[in-house]
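# Observations on chain architecture
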Amino acid sequence: LLVGAGLFYLVSNLDSMVKQGIESNGTEALGTAVRVDSVSIDLTAGVATLSGFSIANPEGFSNQDMVRFDELSVAIDLGSIGSEVIRISSIRTVNPYVLYELQGTQANIDVVRARFPAQETAAEPTPGPQPVIGIEAVTISGIQGTLQSNLLSTPVNVNLGNINLPPVEGTPPELARQIARPL
């Protein structure tokens, strides 16, 4: 009975627990506020959605968001878990936005990136076989960005439109190369 009650509590509060985890761990890791309006996880359908995600600019820069998107949704084929290829039905992002802001020669993104240690050597290969993942569709809609500097009279806004990637399959490093190439 206690285990059942615990599982019920976990499942019924999963969305708010994930939201809180993203905000607190993200803020701690990045050194600037990370916010999420809502999280929706449907375990039976294999779908997770983040809405209203934002990363604030670090201290010393404008009060605008450095990164934000309206929605990020991932759908996984639950039947593929445990099979040779784990199938992700779709990854969809709506209105991703990046503000690249310069104050003199210092950029907001570099301030955040400096919080992470530099990798001096290549990562050791993971022992054993890596999982093979198949992604059926990657859709990124409404890509936008702004370059803002105290040396420019006005910010430069860029609208990069939409990206629809064809299906890809491979180990995580192979997927990263396949996805990064067309981007």
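Heads up: the structure comes first, above all this text.
These lines cover the structure that appears in this document, whether it is placed above or below. (Residues numbered from 1 in each chain as written. Predicted model: local features only at pLDDT ≥ 70, side-chain atom pairs only at ≥ 80, totals over all residues. Heavy atoms only, no water.)

Before going further, it helps to examine the pairing of strand β1 (residues 34-42). As defined by bridge partners, β1 adjoins strand β2 (residues 47-56) across eight bridges and the pair is classed as antiparallel. Counted as the bridge partner of V36 is F53 from β2. The turn joining β1 and β2, which pair antiparallel and follow one another in sequence, is formed by four residues; a positive phi near 75° is taken by G46. (Pairing = 2+ DSSP bridges. Helix = DSSP H or I, 4+ residues; strand = E, 2+ residues; numbered from the N terminus.)

Attention now goes to the side chain of S149. Within the secondary structure, S149 is located in strand β8 (residues 138-149). Residue S149 is classed as buried on the basis of its relative accessible area, which comes to 11%. (Buried < 20%, exposed > 50% of the residue type's maximum accessible area, 1.4 Å probe, protein only.)

All right, on to unusual backbone geometry then. For N95, which is not glycine, the phi dihedral falls at a positive 55°. With respect to the helices and strands, N95 occurs in the loop between β4 (85-94) and β5 (97-103).

Right, let's get into helix α2 (residues 14-30). With 17 residues, α2 extends 23 Å from end C-alpha to end C-alpha; this agrees with the ideal 24 Å at 1.5 Å per step. Of the residues making up α2, those classed as buried are L14, E23, G26 and L30. With its buried residues spanning 160° around the axis, α2 presents them on a single face. Turned more than 90 degrees off the buried face of α2, the exposed positions are Q20, N25 and E28. Looking at the residues trailing α2, positive phi occurs at G31, about 75°. (Expected span 1.5 Å × (residues − 1). Arc of directions from axis to C-beta.)

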